[in-house]
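Working through the structure, step by step
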Amino acid sequence: MLLATMAKVKDPLAEITSLCKRRGFVFQSSEIYGGLNSCWDCGPLGVALKRNIKDLWWNSMIAHGDIEGLDSSILMAPKVWEASGHIENFTDPLVDCKKCKARFRADKAPTDEAGKILCPECGSDQVTEARNFNLMFKTFMGPVENKGNEVFLRPETAQGIYVNFQNVASSMRRTVPFGICQIGKAFRNEITPGNFIFRTREFEQMEMQFFVHPEEDQKWMDHWMEKRYQWHLNMGINEKKLRKHPHGPKELAHYAKSAFDIEYEFPFGWSEIEGVHNRTDFDLNRHQEYSKKNLTYVDVKRNNERYIPYIIETSVGADRSMLSVLCDAYHEDSENERIVMRFSPKVAPVKAAILPLQKKGELGELSQNVYKDLQSHWACQYDDGGSIGKRYRRQDEIGTPFCLTLDFDSLEDKKVTVRHRDSMKQDRIDLSNVKDFLKDNL
Ligand code: GAP
């Protein structure tokens, strides 16, 4: 049955989406109401997977030694978005097809030989003029809904860092170069969301802004590009599917002097998972201008030189990073008639499963004790339902690196069978060594 399904597999992203639902990684938002387009909910295993990714990111930032954490609010003073350029520039060219009424982005649409935009749905060249559509979601602060009370849901977390630059520097007695990192939700009213959780209207960003002397921008740009590339590899991403893409002059955002994307080869092609930008002094300059607060920095290490620091930004989507991890882990093992998620143990949502061959009695009791003991150290599952083969398949599909099977011999010899997810190899080890084994192998 499984083999037959595998033979028909044409769309790996559809298979991954289906596995994510079946196994509790990601559900469609508001599904019982027919779903809400481009919004997704993380199920129990998705939360665990995303948390592991976020923890790896956060810990790698803090371990750098000169980076502080922040959690700024989603709603900010509207002037922030004027200063940042989002009100003016954060737009996509929106076009409507007069024939089939499809709505799409002009810059991503196919064109005919003469360069005329064609509808990506029906191919018609009868389309409206492109008009700029701002991607920021609006709402109102307080009970009155008028223009004066309009606020925006942040489209990036970065601005919360810029406006707190001085607060963090002075409260934490930091001197340039130093960084501020934060993880949080961002919202964009994308015209064409899609590809599962790749492009959504609500997502989480993990952003770090590193403040440097203007003469040191290139040095730090190179440093962060390499560091961030290595971080993805360190999470277990296949090196062949990861590349750096430098931006050409036409691709650069309005605030950037230079930029690199880190791209992953998704089932739908090479696409950005992270951006590393040299934002120069653009942001702090603009906030100085719009807030009328002096944001210059006095550098005691450089004879009290006054300057606006340059910013090297690293910005990665937590959900998009999770999608790269999911796609990278997904493996159809037709020889063994199984689907296996080959997560690195670092990100695997469940580290070990305890599988007793008997539900009740002495063996059930022993297995429960093993589970309780391990669960306090690692995320574990206890599964005593169905044949052992089925239980292994279930754990393979959620990417559990190790299954620990307790059988009747375990009662006598106090040993347990360790079954390795990828090789399916089985070893027998002493129950008293299980913790050390997991410590060494996770
Ligand atoms: N502060 C810079 C900034 O926001 P960006 O390239 O627009 O730069 C950074 O976004 C990262 O945020 C992207 O590389 C991607 O991982 C994630 N991201 C952006 N838009 C997204 C969306 N609609 N859905 C999911 N992730 C998104």
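Residues numbered from 1 in each chain as written. Predicted model: local features only at pLDDT ≥ 70, side-chain atom pairs only at ≥ 80, totals over all residues. Heavy atoms only, no water.

A word on the nonpolar core
Among the nonpolar cores identified, the biggest contains 54 residues, and Phe25, Leu49, Ile53, Trp57, Trp224, Leu326 and Phe343 are the most heavily contacted of them. Judged by nonpolar contacts, the second largest core, of 21 residues, contains Ala352, Val370, Cys380 and Phe437. (Core = buried A, V, L, I, M, F, W, Y, C linked by side-chain atoms within 4.5 Å. Buried < 20%, exposed > 50% of the residue type's maximum accessible area, 1.4 Å probe, protein only.)

Regarding the pairing of strand S19 (residues 352–356)
In terms of burial, S19 is a largely internal element, 5 of the 5 residues being buried. Of the two faces of S19, the one carrying Ala352, Ile354 and Pro356 and the one carrying Ala353 and Leu355 are both buried. (Helix = DSSP H or I, 4+ residues; strand = E, 2+ residues; numbered from the N terminus.)

Examining the domain arrangement of the chain
By convention, interface size is frequently given as the accessible area that disappears when the constituent parts associate. Annotation of the chain at the domain level lists domain 1 (2–86 + 139–329), domain 2 (91–134) and domain 3 (350–441). Each of domain 1 and domain 3 has a C-alpha centre, and the two are 38 Å apart. With 6 residues of domain 1 at the contact, the number on the domain 3 side is 6 residues. Each partner contributes to the roughly 510 Å² buried at the junction of domain 1 and domain 3, and carbon and sulfur atoms together form 54% of this total. Summed over the shared surface of domain 1 and domain 3, the result is 2 salt bridges. Residue Glu397 pairs with Arg22 through a salt bridge whose shortest N-O separation is 3.0 Å. Here domain 1 is connected to domain 3 by 2 residue pairs in polar contact (both at pLDDT 80 or more). When residues of the side of domain 1 that touches domain 3 are traced back to their parent elements, those giving at least two are helix H2 (12–22) and helix H3 (44–63). (Domains from an automatic or database assignment. Contact = heavy atoms within 4.5 Å. Buried area = accessible area lost by both parts, 1.4 Å probe. Salt bridge = Lys/Arg side-chain N within 4 Å of Asp/Glu carboxyl O. Polar contact = N/O pair within 3.5 Å; in protein donor to acceptor, adjacent residues only side chain to side chain.)

Topic: the pairing of strand S9 (residues 178–187)
With 9 of 10 residues buried, S9 is to be regarded as a mostly interior element. Where strand S3 (residues 67–69) lies against S9, 3 bridges are found, and the strand directions are parallel. By the bridge assignment, Ile67 is partnered in S9 with Gly179. (Pairing = 2+ DSSP bridges.)

Describing the sheet that holds strand S20 (residues 380–382)
What holds strands together in a sheet is hydrogen bonding between their backbones, with the strands either parallel or antiparallel. Judged by pairing direction, the sheet is mixed, and its 5 strands sit side by side in the order S20-S19-S21-S22-S23 without closing on themselves. Each of the sheet's edge strands pairs with one partner strand only, and the pair in question is S20 and strand S23 (426–430). Taking each pair of neighbouring strands and ignoring which way they run, the sheet shows an average axis angle of 25°. The sheet contact formed by strand S22 (residues 415–420) and S23 spans 5 bridges and is antiparallel. When the sheet's bridge partners are listed, Val418 is paired in S23 with Asp427. Along the sheet, helix H11 (residues 361–375) makes contact with S19, S20 and strand S21 (402–406), crossing S20 at roughly 160°. Sheet strands touched by helix H14 (residues 434–441): S19, S21, S22 and S23. Its angle to S21, the strand with the most contacts, is close to 170°. (Axes fitted to C-alpha atoms, helices over the stretch in contact; angles between N-to-C directions.)

A closer look at the environment of Gly46
Relative to the assigned elements, Gly46 resides in helix H3. Residue classification places Gly46 among the buried residues on the basis of a relative accessible area of 0%. For the pair formed by Gly46 and Gly24, sequence separation is 22 residues and the distance between their alpha carbons is 6.8 Å. Setting aside residues no more than four positions away along its own chain, Gly46 makes contact with Gly24, Phe25 and Met322.

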